[in-house]
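Remarks on the overall topology
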Amino acid sequence: MKKLYLILTISLAVVLVGVVTAFGITFANTTNALGAYKSQLNYVYQQNFYELVDNVNNIESDLGKLSITTSSTNASKYLTNLSNTTSSAQDNISTLPIEHDSITDTIKFINQLGGFVYTKQTQIASGTALTLDDYDQIETLHDTSETIKYELNKLSVLVSSGNYSIVDNSQDPTNNESDFSSNWSGLNNGSVEYPTLIYDGPFSDSTTNKTIKGLSATELTATEAEVKVKEWFPDYTVKNDGEESGGDFDVYNFTLTKGDNTYYAEVTKRDGMLIQLNAGQTSNTKNKTLTDCEALAVSFATTLGYENMTVVWSTSSSNFAYINLAPTQNDVILYPDIIKVKVSQETGDIIGWEAQSWAYNHITRTNLTAGIELVEARLAVSSSLDVRASRLVLIPGEYVGEILAYEFICVYSGATYYVYVDASTGDECNVLKVIETDDGTLLM
Amino acid sequence: MNSKLLKIISLSMCLVMILGVGVYKLVNPLDIQVEEVIASGLTTSQVKTVQTKLKNWGYYTGTVDGIYGTKTKTAVVRFQKNNGLTADGIVGTNTARALGMSLTTQTSNNVYLLAKCIYAEARGEPYKGQVAVGAVILNRVDSSSFPNSIYGVIYQPYAFTCVSDGQINLSPDSNAYSAANDAMNGWDPSYGALYYYNPNTATSSWIWSKKILVTIGKHNFAL
């Protein structure tokens with residue numbers, strides 16, 4: 001009996017040891033795996049950090065060379081280098097685990113530098129050498145890049161010291177003062193003087209301020225706006241949600257309901273224009289063709305008082321039709337004033353309207369006379385393209401202003417291209433390609 | 001007696017082994033069998049179209065599930081052989097044409113990712129608020145202060161809580177998908193905002209310094 005008791009105890013002990021071992025192995029495996037993942041992540045952070053340091057070192061050196069060169073060929077070479085290094089630095093910096101508020105100034109500087117470089121590359125390619133103003137800006141950019149380089153290299157000494165782990169020092173995403181973020185603070189505005197950069201290109205400080213040209217000073221009361229909404233949407237119950245004024249537009253908000261559907265309409269205080277309509281309405285079948293929807297969009301625009309709107313683009317995605325309408329003036333299509341309309345292909349209901357571009361840009365244009373004839377402009381289009389249609393249009397400049405251009409819709413080896421030729425110089429100014437995706441047609 | 005002891009010991013050993021394996025399986029539930037998925041270059045809906053067509057014509061007997069597995073591939077090969085096409089099991093332009101379907105050249109991963117982010121961040125919000133969240137992401141892509149792609153903006157460390165807590169991996173519903181498409185097509189109910197936050201739960205102190213443009217549902221949209 002005693003022996004059996006002993007045997008049972010031993011067995012139990014063996015079982016217990018087995019269970020503990022199994023748990024132990026699993027725990028050790030998990031810990032090892034976690035450790036391995038953490039190291040792997042740390043290497044990714046480190047790689048991006050060190051690549052960023054390298055890229056900034058190269059940026060500083062190329063900006064230095066660019067600031068003293070007198071040769072356009074060399075300038076082009078340094079600009080091409082800078083284009084690559086800024087783009088790569090941008091990729092590196094956006095993966096680093098740093099609080100947005102700490103890193104935003106450096107990201108902005110790198111983006112603006114990239115935009116400036118792109119603009120100067122285009123300038124040199126079109127035959128205009130760098131001006132004295134350009135050299136002044138390059139000098140400023142070089143000064144800033146020197147400070148960033150100094151701070152980053154200082155930080156890289158810390159990161160490469162001992163067992164510094166970027167992962168360990170950025171563990172808590174809710175902690176605003178995580179160590180790596182505070183170590184980065186030497187690069188914040190205040191420590192580094194970031195310049196205001198103005199140029200005709202992407203990310204320029206000048207392009208961030210838009211002015212409203214399309215609305216008059218006449219203001220409507222909320223009640224007057226409500227009357228309009230009820231006229232536009234007679235079948236809906238309209239609820240006034242009050243005024244909102246934060247962005248560029250002061251608007252009155254309305255909630256419209258019809259059955260289970262809820263629509264959100266926003267009407268500008270100035271001029272009482274429907275600036276936006278949103279509706280989370282489902283559309284499960286395709287009872288209406290894209291052409292039907294185009295007609296419905298144009299007809300709704302007429303109800304709102306927009307006459308002579310032309311359909312300039314339409315695409316269908318998951319039973320929703322997206323129709324772009326543009327006004328015309330003297331038969332010229334005004335692309336900057338585009339209004340976007342969303343139509344349910346199931347019911348034909350207008351379930352979306354977006355007219356911010358119109359509100360910003362729509363005025364009567366004064367100079368819509370082409371400097372050259374269509375036949376002349378046609379010469380700028382490659383002869384291998386099969387031109388299907390052409391017309392005079394006003395397009396937004398790549399970053400600023402507007403350009404009067406001839407639009408040629410062409411087909412080349414099965415693909416459709418939109419080619420734009422400047423109607424005063426006869427130079428090709430833009431090419432867009434129609435791309436079929438699984439979610440509708442895009443013009444890129 | 002000795003044989004009895006041996007029996008008990010060997011029984012215990014067996015028990016230990018069974019228990020060990022059991023515990024291991026319990027703690028490592030990932031060890032499951034997955035049917036092989038073949039990279040077909042097709043979207044789920046395209047695979048479903050292929051499967052439906054092949055099923056109607058008697059080439060395919062499996063379920064129409066949008067997964068391009070071995071059964072689907074075998075069916076495609078048989079279809080190709082019968083139609084004088086290269087029997088490689090790949091639905092290329094010619095096979096697609098013979099099937100009576102068109103292949104688009106580009107998938108819209110960006111729209112899908114945007115929809116996932118909208119769903120994870122704002123699924124309880126009014127529709128307008130969902131479009132606004134999508135618009136903020138696209139405004140960030142255009143802004144100098146943020147990364148320059150939708151992927152870069154959404155996966156930027158600490159940018160979105162839904163990325164930190166994994167909710168980004170939930171499947172978006174049709175509303176979120178529709179809101180993503182609206183934002184991609186130019187709708188912006190945030191009027192150019194770069195930030196949004198729930199004033200009741202926001203933890204970052206700097207967010208309060210941003211100028212509020214509009215309030216939609218629970219979110220303040222700010223610049």
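All values derive from a computational prediction rather than experimental measurement.

Rules and cut-offs
Residues numbered from 1 in each chain as written. Chains lettered and ligands numbered in written order. Predicted model: local features only at pLDDT ≥ 70, side-chain atom pairs only at ≥ 80, totals over all residues. Heavy atoms only, no water. pLDDT = per-residue confidence, 0-100. Helix = DSSP H or I, 4+ residues; strand = E, 2+ residues; numbered from the N terminus. Contact = heavy atoms within 4.5 Å. Buried area = accessible area lost by both parts, 1.4 Å probe. Salt bridge = Lys/Arg side-chain N within 4 Å of Asp/Glu carboxyl O. Polar contact = N/O pair within 3.5 Å; in protein donor to acceptor, adjacent residues only side chain to side chain. Pairing = 2+ DSSP bridges. Axes fitted to C-alpha atoms, helices over the stretch in contact; angles between N-to-C directions. Buried < 20%, exposed > 50% of the residue type's maximum accessible area, 1.4 Å probe, protein only.

Residues and elements named next belong to chain B. Mean pLDDT over chain B stands at 83; residues scoring 70 or higher make up 83%. The least confident element of chain B, judged by mean pLDDT, is helix H1 (residues 2-27) at 64; the most confident is helix H6 (residues 127-142) at 96. In this model residues 27-35 is a low-confidence stretch, pLDDT under 50, and it forms six contacts with partners more than four residues away in sequence or in other chains. Taken together, the chains of this predicted complex give a pTM of 0.78 and an interface ipTM of 0.87.

If you look at the interface, chain B gives 57 residues, while chain A gives 65 residues. A combined buried area of about 5000 Å² lies between chain B and chain A, and 58% of that area is made up of carbon and sulfur atoms. On the chain B side of the contact with chain A, B:Tyr158, B:Trp187 and B:Tyr191 bury the most area, a combined 18% of that side's loss. One can count two salt bridges joining chain B with chain A. With its nearest N and O atoms 2.8 Å apart, the salt bridge here joins B:Asp182 to A:Lys342. Our count for the contact surface shared by chain B and chain A stands at 19 residue pairs in polar contact (both at pLDDT 80 or more). Of all elements in the fold, only H1, H6, helix H9 (174-184) and strand S2 (212-216) of chain B reach the threshold of two or more residues within the side of chain B that touches chain A. Top contributing element to the side of chain B that touches chain A by residue count: H1(B), with 11 residues.

Looking now at the sheet that holds S2(B). All names here are of chain B. Here we have three strands laid out as an open sheet, ordered S1-S3-S2, and antiparallel in their pairing. The outermost strands of the open sheet, each flanked by one partner alone, are strand S1 (195-197) and S2. Strand-to-strand twist of the sheet, defined as the mean angle between neighbouring strand axes without regard to direction, takes the value 25°. Running over the sheet, H6 touches S1, S2 and strand S3 (219-222) and is turned about 30° from S3.

Before going further, it helps to spend a moment on the pairing of strand S6 (residues 320-326) of chain A. Residues and elements named next belong to chain A. S6 sits mainly inside the fold: seven of its seven residues count as buried. The side-chain alternation of S6 yields two buried faces, one formed by Phe320, Tyr322, Asn324 and Ala326 and the other by Ala321, Ile323 and Leu325. Following strand S5 (residues 310-317), the chain reverses through two residues before pairing antiparallel with S6; Ser318 in that reversal takes a positive phi of roughly 45°. Both S6 and strand S9 (residues 339-344) contribute to a ladder of six bridges, which runs antiparallel. Among the inter-strand pairings, Tyr322 is bridged to a residue of S9, identified as Lys342.

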